[in-house]
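Secondary and tertiary structure notes
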Amino acid sequence: MRSWKFGDDIDTDAIIPGRFLTINDPKELAKHAFEGTRDAFAREVTAGDVVVGGRNFGCGSSREHAPLALVGAGVRVVIARSFARIFFRNAVNVGLLPVVCENADQIPDDARVIVNTKKHEIKVDGKKFPIEPVPAFMQGIIDAGGLVAYAKNTKEVPACTKSRR
Amino acid sequence: MGQTIVEKIFSKNCGRDVQAGEVVMTPVDGAMIHDITGPLAIQKFYEMGGKTVFDPERIIMLFDHQVPADSIEAAQNQAGMRKFAAEQQIHNYDINEGVCHQVVLEKGRAAPGEIVVGADSHTCMYGATGAFATGIGSTDMGFVLKFGALYFKVPETIRAEVTGKFSDRVGAKDLILAIAADIGADGATYQAIEFCGKTIEKMKMPGRMTCCNMAIEMGAKAGIVAPDTITWNYMKKKRKMSRFELFSDEDATFSERRTYDVSRLEPQVAVPHNVDQGVPVGKVAGIHVDQVFIGSCTNGRFEDLAEAAEVLGKKSFAPDVRVIVIPASRDEYIKVLQAGLIEQFVRAGALVEAPCCGPCMGGAFGLIGPGEVSLSTSNRNFKGRQGSTEGKVYLCSPATAAASAITGEITDPREVLR
């Protein structure tokens, strides 16, 4: 599956511009993914393609529309040197796997990328690079089938039940 | 071993002592959703099997990004949220009150020692009250609506100690742009930033809000100021609660300590296309601006608009500049109105809009075209944030924005004659 290479500090406005945030359907959002930043993406992306960024991928707004737009485009994995916190969590929550790879800068555009989360490595045009394991508590949510599935099967968690007023 | 203010807040809500780095399921004290992230959060709530929200008293809803509705889709999203609010008996401020973060604070929905989440990244602004507040996505918010709790990794804290007296026409926005340039766009990822020191102790609530608001621009999970007399005086009018002490222990472990002296700080401008690209205004002075936006959750309070008005005086805005002024909330709008500032802005050539996110939303109105330059008191200058990806957004203080709107080019506010 081919890689789509982007640089450092790719913000969520670049992934999905503000004017499309009335859309909540992933497939419709996908039509505008990276619009104005890299128009070819929405036209040419195919299911299974991998998005690659540098440092601080997904910085900015908390809009879940950003990972959803990628999911709608058939992207299942984003590889970056580092991720912004909210994007990382949102990605896991909507079934997009954020993969931290120190060598993400060495992944070229249009490379063939295979991700192996069990071996903690990726293969880029045959060349292997190590990836970081997902933090344990996030892995728990992934294993449960995502936060929605986890929540469905959870009856109660400790909450502030005392009413405020 | 001592605790940071953030560790203390998490310990209180967890009912046991916790340390930075621990992953905890923590009850939250409040939650906020708005017109952009709300529809998805509600959808997730139902997908999670949610029937009634954990506590309607602890949730607020309001619309600020696309108000009044700018499209049929926006109207539909808002209608769906109204229905949810009515069914769940959640307080819905609808389109009437202003920008979410300003309204949360005005209504006393965040207070010292509380954990508050909002489905918007600038939720970190509530840290100005000494709350731990952070932005979350819609799925996490769906979980919060159902359970009133959420997973958190208790963050480490960067302590930013600020000293010195601001020179004339330099203030909180210039400080936070300088701090962002120093820490970098991802320098505080997963961490909280505690603002402290003599300068912060003297700073009023609006300035503290500006600083905490932009903690996210360094990747931070939260910005926070230890509550003091200024905080408690502010809270007095909002909530019935007794004062208590909350601060980081001297022997607490901080991931980093940074110090800033503002006595020689110059007005700052963040140049395209990242917030951490702050430079002294002199380096970019003379750049032509097509649009100036004075407003947003970062700088749309009375004090911000009053500062802009003071720079403006009896002058007019440059005829080739579109000046958009938006008070952050209805309360702030009334203050600005009663002080006569709206007439002053309108006479000078500005458009004064009703409280909302305005051009910072990059969708509702006030967009810039290819090749155009926007100078803005908001919080983000990403490519395309205010319209065309071929446009440019510069960030600055209300004083610099007003000075530049008068001349039509980026201008040092200290050079505008009184």
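Structure first, text after, so check above.
Reference entry: report on the structure contained in this document. (Residues numbered from 1 in each chain as written. Chains lettered and ligands numbered in written order. Predicted model: local features only at pLDDT ≥ 70, side-chain atom pairs only at ≥ 80, totals over all residues. Heavy atoms only, no water.)

Often, the extent of an interface is quoted as the loss of accessible area on bringing the components together. Each side of the interface is counted separately: chain A has 49 residues, and chain B has 61 residues. Both faces combined, the contact of chain A with chain B buries some 4,500 Å², and carbon together with sulfur accounts for 53% of it. The interface formed by chain A and chain B contains three salt bridges. Note that arginine 385 of chain B and aspartate 13 of chain A form a salt bridge whose closest N and O atoms lie 2.9 Å from each other. Summed over the shared surface of chain A and chain B, the result is 18 residue pairs in polar contact (both at pLDDT 80 or more). Contributing elements (two or more residues each) for the side of chain A that touches chain B: α4 (65-72), α5 (85-93), α6 (136-143) and α7 (147-152) of chain A. (Contact = heavy atoms within 4.5 Å. Buried area = accessible area lost by both parts, 1.4 Å probe. Salt bridge = Lys/Arg side-chain N within 4 Å of Asp/Glu carboxyl O. Polar contact = N/O pair within 3.5 Å; in protein donor to acceptor, adjacent residues only side chain to side chain. Helix = DSSP H or I, 4+ residues; strand = E, 2+ residues; numbered from the N terminus.)

Considering all chains together, one arrives at four cavities of 30 Å³ or more under this definition. Its boundaries defined by the atoms lining it, the largest cavity holds a volume of some 250 Å³. What lines the largest cavity is a set of 24 residues, among which His65, Asp120, His122, Cys357 and Arg385 of chain B lie closest to the centre. Of all the secondary-structure elements, those providing two or more residues to the lining of the largest cavity are α4 (100-106) and α10 (296-299) of chain B. For the second largest cavity, the lining is made up of 16 residues, of which Cys59 and Gly60 of chain A together with Ala185, Ile216 and Gly219 of chain B are closest to its centre. Of the residues in the lining of the second largest cavity, the class split is eight nonpolar, five polar and three charged. (1 Å grid on protein atoms, 1.4 Å probe; cavity = no way out; pocket = protein on both sides within 12 Å on 5 of 7 lines; lining within 4 Å. Points joined across faces, edges and corners; volume = space filled by probe spheres on them. Nonpolar A, V, L, I, M, F, W, Y, C, P; charged D, E, K, R; others polar.)

The next point concerns the state of the cysteines. Residue and element names in this part refer to chain B. Tallying each qualifying case throughout the model produces zero disulfides over all chains. Looking at the unpaired cysteine 100, the closest cysteine sulfur is the one in cysteine 357, lying at 6.0 Å. A disulfide-free cysteine, cysteine 356 has its sulfur positioned 6.5 Å from the sulfur of cysteine 357, the nearest such atom. (Disulfide = S-S within 2.5 Å.)

Residue and element names in this part refer to chain A. Under the definition given, this model contains 34 salt bridges over all chains. Here glutamate 35 makes a salt bridge to arginine 19, at a shortest N to O gap of 3.9 Å. Here glutamate 35, found in the loop between α2 (26-30) and α3 (40-44), pairs with arginine 19, found in the loop between α1 (12-15) and α2; they are 16 residues apart in sequence, far enough to count as distant. For glutamate 35, a relative accessible area of 26% puts it in the partly exposed group. (Buried < 20%, exposed > 50% of the residue type's maximum accessible area, 1.4 Å probe, protein only.)

Next up on the list: the sheet that holds strand β3 (residues 59-62) of chain B. Residues and elements named next belong to chain B. Taken together, five strands build an open sheet; the order of strands is β4-β3-β2-β5-β6 and the sheet is parallel. Because the sheet does not close on itself, it has two edges, and the strands there are β4 (91-92) and β6 (132-135). With respect to the sheet, helix α2 (residues 38-47) is in contact with β2 (30-34) and β3, its orientation differing from that of β2 by roughly 120°. (Pairing = 2+ DSSP bridges. Axes fitted to C-alpha atoms, helices over the stretch in contact; angles between N-to-C directions.)

Here we come to the layout of surface pockets. For the largest pocket, the calculated volume is near 760 Å³. Along the walls of the largest pocket sit 27 residues, with Phe166, Val170, Gly171, Ala172 and Met203 of chain B positioned nearest its centre. Here the residues of the lining of the largest pocket sort into seven nonpolar, eight polar and twelve charged. Its boundaries defined by the atoms lining it, the second largest pocket holds a volume of some 630 Å³. As for the second largest pocket, its lining consists of 33 residues, of which Phe88, Pro133, Val134, Pro135 and Met138 of chain A are closest to the centre.

This brings us to the packing of α2 of chain B against helix α5 (residues 138-147) of chain B. Residue and element names in this part refer to chain B. Axis separation between α2 and α5 bottoms out at 7 Å; the angle between their running directions is 55°. On the basis of their axis angle, the class for α2 and α5 is oblique. For α2 against α5, the interelement crossing comes out right-handed. In contact with Leu40, Ala41, Lys44 and Phe45 of α2, α5 contributes Ser138, Thr139, Met141, Gly142, Leu145 and Lys146. For the contact of α2 with α5, the per-class residue count stands at five nonpolar, three polar and two charged. (Parallel < 35°, antiparallel > 145°, perpendicular 65-115°, else oblique. Left-handed = near helix turned anticlockwise from the far one by under 90°.)

What follows deals with unusual backbone geometry. Residues valine 67 of chain B and proline 68 of chain B are joined by a peptide bond in cis, for which omega reads -20°. Mapped onto the elements, proline 68 of chain B comes out in the loop between β3 and α3 (72-88). In this structure, the amide linkage connecting proline 272 of chain B to the following residue, histidine 273 of chain B, adopts the cis form with an omega of 0°. For histidine 273 of chain B, the location among the structural elements is in the loop between β12 (268-270) and β13 (278-280). A positive phi angle, near 60°, is found at asparagine 56 of chain A, a position not held by glycine. Note that asparagine 56 of chain A resides in the loop between β2 (50-52) and α4. Residue class for asparagine 56 of chain A comes out buried when judged on its relative accessible area of 1%. At aspartate 110 of chain A, a position not held by glycine, the phi torsion is positive, near 60°. Along the chain, aspartate 110 of chain A falls in the loop between β4 (97-100) and β5 (113-116).

A word on the nonpolar core. Soluble, globular proteins show a tendency: their nonpolar side chains are buried together. Among the nonpolar cores identified, the biggest contains 173 residues, and Phe41, Leu70 and Ile79 of chain A together with Met141, Leu175 and Phe195 of chain B are the most heavily contacted of them. If one sorts the elements of this core by residue count, helix α6 (residues 172-183) of chain B sits on top with eight residues. Those residues in contact with leucine 175 of chain B that sit more than four places away from it in its chain are Val162, Phe166, Ile200, Met203, Cys211, Tyr260, Val262 and Leu265 of chain B. (Core = buried A, V, L, I, M, F, W, Y, C linked by side-chain atoms within 4.5 Å.)

Two measures describe an aromatic ring pair: the distance that separates the ring centres and the angle between the ring planes. One pass over the full model with this rule turns up 19 aromatic pairs over all chains. Note on phenylalanine 83 of chain A and phenylalanine 87 of chain A: the rings are 6.3 Å apart at their centroids and 0° apart in plane angle, and the pair reads as stacked. You'll find phenylalanine 83 of chain A and phenylalanine 87 of chain A in the same group, each marked buried. With a centroid separation of 4.7 Å and an interplanar angle of 50°, the aromatic rings of phenylalanine 143 of chain B and phenylalanine 147 of chain B are classed as tilted. On the criterion of helical spacing, the pair formed by phenylalanine 143 of chain B and phenylalanine 147 of chain B is a turn pair, its members being four residues apart in helix α5. Comparing phenylalanine 143 of chain B with phenylalanine 147 of chain B shows no difference in burial state: the two are buried. Here the aromatic cluster, defined as three or more aromatic residues joined through ring pairs, consists of Phe137 and Tyr150 of chain A together with Phe143, Phe147 and Tyr151 of chain B. (Phe/Tyr/Trp six-rings, centres within 6.5 Å; stacked < 30°, edge-to-face > 60°.)

Residue and element names in this part refer to chain A. Spatial strand order, β5-β6-β7: three strands in an open sheet with antiparallel pairing. Strands at the two margins of the open sheet, each flanked by one partner only, are β5 and β7 (127-130). Direction aside, the axes of adjacent strands within the sheet are offset by 20° on average. Where β5 and strand β6 (residues 121-124) come together, four bridges link them in antiparallel fashion. By the bridge assignment, isoleucine 114 is partnered in β6 with lysine 123.

Geometric values such as these leave the question of function open.
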